[in-house]
Every structure is written in C-alpha cells, then in structure tokens.
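# Survey of secondary and tertiary structure
Here is how the chains run, residue by residue.
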Amino acid sequence: MSAINLLREVLKASEKAANIARVCRQNPILFSLLVQEKSKDESNSRFAHDFKTLADCLIQEMIKHDIGKQFPELRDNIRGEENAKFTNTAGESIIVSVTDDPGNTTKALEKILNGDKVSAAALVDEVYREVEIDFESLELPTDSIPLDNDWSQLGIWIDPIDGTAEYIKGEEKLTKYSNIVSSGLKCCTVLIGVYETCKGTPILGVINQPFAEKISNQEEFREEYRSKIFWGLSVGDLKFNNIASQGTDARIAILSPSEQSKYVEFIRNQLKYDVVYSSGAGYKILKIATGEAELFLLSKGTTYKWDTCAPQAILRSMNGDLFDLQDTLINKSVKKISYLDHKVTRNIGGLIAYQNIDKLREFLKL
C-alpha cells in the first residue's frame, strides 16, 4: 500500500473536478440550468438560501467513481456533502450517477437538462476525460511511502465545491491584503480529505482552487482559469506537502463575515490581530496553511467534516492542526477535530486553526 499512489489519484480527481467546475461556470446557457436550492434537510442553517449545483453533484459522484475504481476497498467509505438527487424543471427527480458506462451518465444528464444533448455531452466529456497532471511541479515525494492500514480502514470526505454561493455569484471583492479575497471565485475550492477510520485522523488532503489564476485566451477572445493545487500528507512521523510559506509580518486573523462581535472584538483588541473577512471554510484554512494569515476562528457550528478533512490533513503535515473551539475554551485543552464517527457530520463546537501549535498555546493563555 503506497500513500503516493493514493495521493496521485486524489490529485487527478481534484483537477478533473476543477475542469467540470470551470466548464459549468463558463458556459452561460449551461450554468443557468444548473442551480437548484437545497432542501431544508440539506441546507446550512447559516444561509437564508443554500444552493447546490449540478456541478457539485457531478463532481462528487465522479470522484467516488474514479477513486473507487482504483481502490475498490475504499469505495464504501467515500462520502461527500451533496445528495446525488437532482430535480429538473419538469419536476422529475433524477439520481446523478457516474458508472463505467458513459451512456448511463449521458442519459441521466439529458433528463436533468431537459433533453439538452449538447450540454450533457460536454459534461460527460469532462467526467470521462483523462486528466494530465504535472506531478513533478507538485513536488510529490519520489520514494514509496507505505500506509499502516489497508485501504478498507481509510475513509474520504469530499466537498465538491466549497463556497457554492461564491461559485454562483462569482463577484470578487478584495480585502486590503492583495493575496486575500473576501468573496468571489477564488474562494471556491475542491476539497478531498483522507482519514484513518479507526483513529479518526486525517492523513492526506488536497485543496484545488479551480479559479486561482485568470488567463486570456487570445484565439477565442475570452478569459479562462487555471487551478492551483495544494496537498499535504502525514504518515506516522513522515510529513510532506507542497506548500511554500507566504508568511507576512502582519498579524492577521481570517474570519467569517457572520462571526459574533464578542469574538471579533477580543481578537482585534486583546489579541491585537488585524481582522479580515472571507468566504469558504476551505479557503480560509488554506490561508493559515500558506502562512498568509495566522489565526482562523469560527465560533458557530456551521462547518461539516467535508469542509475540514482536507485542510486539516494539510495543516497536520505542517505540524499545525484544527481544533474544536468551544472545547478548547472551556477545558483549556486542545481537542482536535476527529472523523471517528462518519455519522456525526457537523463540527458543533466551532473551529480554531493554527499552523503553529505554539501560537495556539499563546492563545490559550489569554
């Protein structure tokens, strides 16, 4: 069992997911057909309206299929945010599925898209396309890294598009720091996290930003996007990642715009952080990993295991971690976010993330 083989497949799946997200977002006809409001059972209580898109569902099922095909023992332990059921404008409910037969996927998409064969074919092409990735540029370890557990003792949490609201709106707003946006497509991430089911510990995480870099297509006179991919791996005492620190002298805390005022005031006045607001849990925790912000804190239980598994694995590969905020404040201990029970999906006690555990200890003293 090689961790590098699994990492390669997760990286490929993340980039295929990014391609699907871009195809859906850049085709105005297709995009107008894809957005659907979640049911009350699915929605996040933090939002008045919580949407899912066909891109979310299709990406999730594609990742399940692709990774499950390479590692069959893992297949039953791959879980994601989205319900695979989508309802078309005629009121017909269709299960979005990806199988070895592209024809089945095509038929399901045509039903969802009310017989739009061209759009369905465009999506199917991306789902079954072989993705080329420059693994050398992603700085993968050259040696084989054995895993302690067999594949059946690993689980995967997927957030196909973290920041769906930003994906739909696409309206970019900047903070005073040029490398941190408060909203927009850059906040959207594909999150794939692998954890040990027996310990509940994340060991491998990939964060793909599908809209990280805007490039001009001179031939077709339009703008396109390119991904930026981050990964982290920690197996026993071995820790690897491809993140180059972009640390700043500024003392920055990155928070949700809906954060409670008492926490904002404490962070700003007592801890002397410069507070910036941004969207997307994956994006905010990524900024902790890259060193562009020092503290991420979320006091409400509005994130889920699919939001945190991948970024937490990356933090762990850097000797950082993600902790239960309320337990940390009440017990003055450092209770790490765990994935031991896959039926408990919400991070009820909120979150606090540091790349440097010593900084967390300073926080606890205050």
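Residues numbered from 1 in each chain as written. Predicted model: local features only at pLDDT ≥ 70, side-chain atom pairs only at ≥ 80, totals over all residues. Heavy atoms only, no water.

## Focus: unusual backbone geometry
Look at Glu139: it is not a glycine, yet its phi comes out positive at around 60 degrees. Among the residues examined, Glu139 registers a relative accessible area of 51% and is labelled exposed. For Lys272, which is not a glycine, the phi torsion comes out positive at approximately 65 degrees. Secondary-structure assignment places Lys272 in the loop between helix 7 (261–270) and strand 14 (274–277). Accessibility expressed as a relative area gives 58% for Lys272, which makes it exposed. (Buried < 20%, exposed > 50% of the residue type's maximum accessible area, 1.4 Å probe, protein only. Helix = DSSP H or I, 4+ residues; strand = E, 2+ residues; numbered from the N terminus.)

## Quick notes on the UniProt feature "binding site: Mg(2+)" (unreviewed entry) in the protein
Residues annotated by UniProt as "binding site: Mg(2+)" (unreviewed entry) correspond here to Glu81, Asp159, Ile161, Asp162 and Asp307. A maximum C-alpha distance of 9.7 Å places the annotated residues, which cover 227 residues in sequence, within one compact spot. Here Ile161 is to be found in strand 6 (residues 154–162). Once you skip the residues sitting within four places of it in the chain, Ile161 turns out to touch Ala21, Thr53, Ala55, Asp56, Ile59, Tyr167, Cys188 and Thr189. Looking at where Asp307 falls in the secondary structure, it is placed in helix 9 (residues 305–316). For Asp307, a relative accessible area of 7% puts it in the buried group. Ignoring any residue separated from it by four or fewer positions in sequence, one finds Asp307 in contact with Asp159, Asp162, Leu191 and Ala281. Here the side chain of Asp307 touches Tyr304 through a polar contact of 2.8 Å, landing on its backbone nitrogen. (UniProt positions renumbered as here; feature names shortened; annotations may be inferred. Contact = heavy atoms within 4.5 Å. Polar contact = N/O pair within 3.5 Å; in protein donor to acceptor, adjacent residues only side chain to side chain.)

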